[in-house]
Amino acid sequence: MNDTTNNEKLGALGEDLMAQILTMRGFSVIRNTNPRDPEKDFRAKRHPEDHVYKTVEIKTQVPFITKRSFTVRENQMKKLRNVDVLYVIVVPHPRIPCNFAGFVYWVDTKHFD
């Protein structure tokens, strides 16, 4: 299996996990039917009386452990800056121990470069 297929599967698992977490926390989630949507992974809103869904992007990845950070491809930056909510799900490195594997981070997309 090639890296693209593995990355797509990992991304789909992360999206499923985050949709379940948000649903359990009372959010209404509308899943995206287009896996290559250039704008978002899905939309979510907190309360039934809210009329606006927020756009949500999920990144599921192994961190750059020595710097306690994540990397994203340059072609993803516009998408990430334009969503309302970004979550990063940390998956364990296959060979290097990582103390924050399994964590989910909320990223303020309006204030990062």
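For the structure, check the block above.
Since we're looking at a predicted model, the values are computed, not measured. (Residues numbered from 1 in each chain as written. Predicted model: local features only at pLDDT ≥ 70, side-chain atom pairs only at ≥ 80, totals over all residues. Heavy atoms only, no water.)

Participant: Which residues make up the nonpolar core, and what values go with them?
Facilitator: Counting 10 residues, the largest nonpolar core consists of Met18, Ala19, Leu22, Phe42, Ala44, Val56, Ile58, Val85, Tyr87 and Ile89. Those elements that provide at least two residues to this core are helix H1 (3–24), strand E2 (42–45), strand E3 (54–61) and strand E4 (85–90). Beyond its immediate sequence surroundings of up to four residues, Ile58 is in contact with Gly14, Glu15, Met18, Asp41, Phe42, Tyr87 and Ile89. (Core = buried A, V, L, I, M, F, W, Y, C linked by side-chain atoms within 4.5 Å. Buried < 20%, exposed > 50% of the residue type's maximum accessible area, 1.4 Å probe, protein only. Helix = DSSP H or I, 4+ residues; strand = E, 2+ residues; numbered from the N terminus. Contact = heavy atoms within 4.5 Å.)

Participant: Quick rundown of the sheet that holds strand E1 (residues 28–31)? Include the residues and the values.
Facilitator: Adjacent strands of a sheet pair through backbone hydrogen bonds, lying either parallel or antiparallel. Across the sheet, 5 strands lie side by side as E1-E2-E3-E4-E5; this open sheet has mixed pairing. If you trace the sheet from one side to the other, it starts and ends with E1 and strand E5 (104–107), each paired once. On average, each strand axis in the sheet is tilted by 30° relative to the strand beside it, whichever way the strands run. (Pairing = 2+ DSSP bridges. Axes fitted to C-alpha atoms, helices over the stretch in contact; angles between N-to-C directions.)

Participant: An account of the pattern of salt bridges is requested, with residue identities and associated values reported.
Facilitator: This structure, assessed with the given rule, holds 5 salt bridges. Residues Glu8 and Arg36 are paired through a salt bridge, measuring 2.8 Å at the closest nitrogen-oxygen approach. Residue Glu8 is located in helix H1, and its partner Arg36 is located in the loop between E1 and E2; the two are separated by 28 residues in the primary sequence. We classify Glu8 as partly exposed; its relative accessible area is 38%. Note on Arg36: relative accessible area 61%, which makes it exposed. Between Lys40 and Asp37 there is a salt bridge, and its shortest N-O distance comes to 3.1 Å. Accessibility classification places Lys40 together with Asp37 in one group, the buried group. Among the ionic contacts, a cluster of salt bridges with common partners joins Glu57, Lys59 and Lys79. (Salt bridge = Lys/Arg side-chain N within 4 Å of Asp/Glu carboxyl O.)

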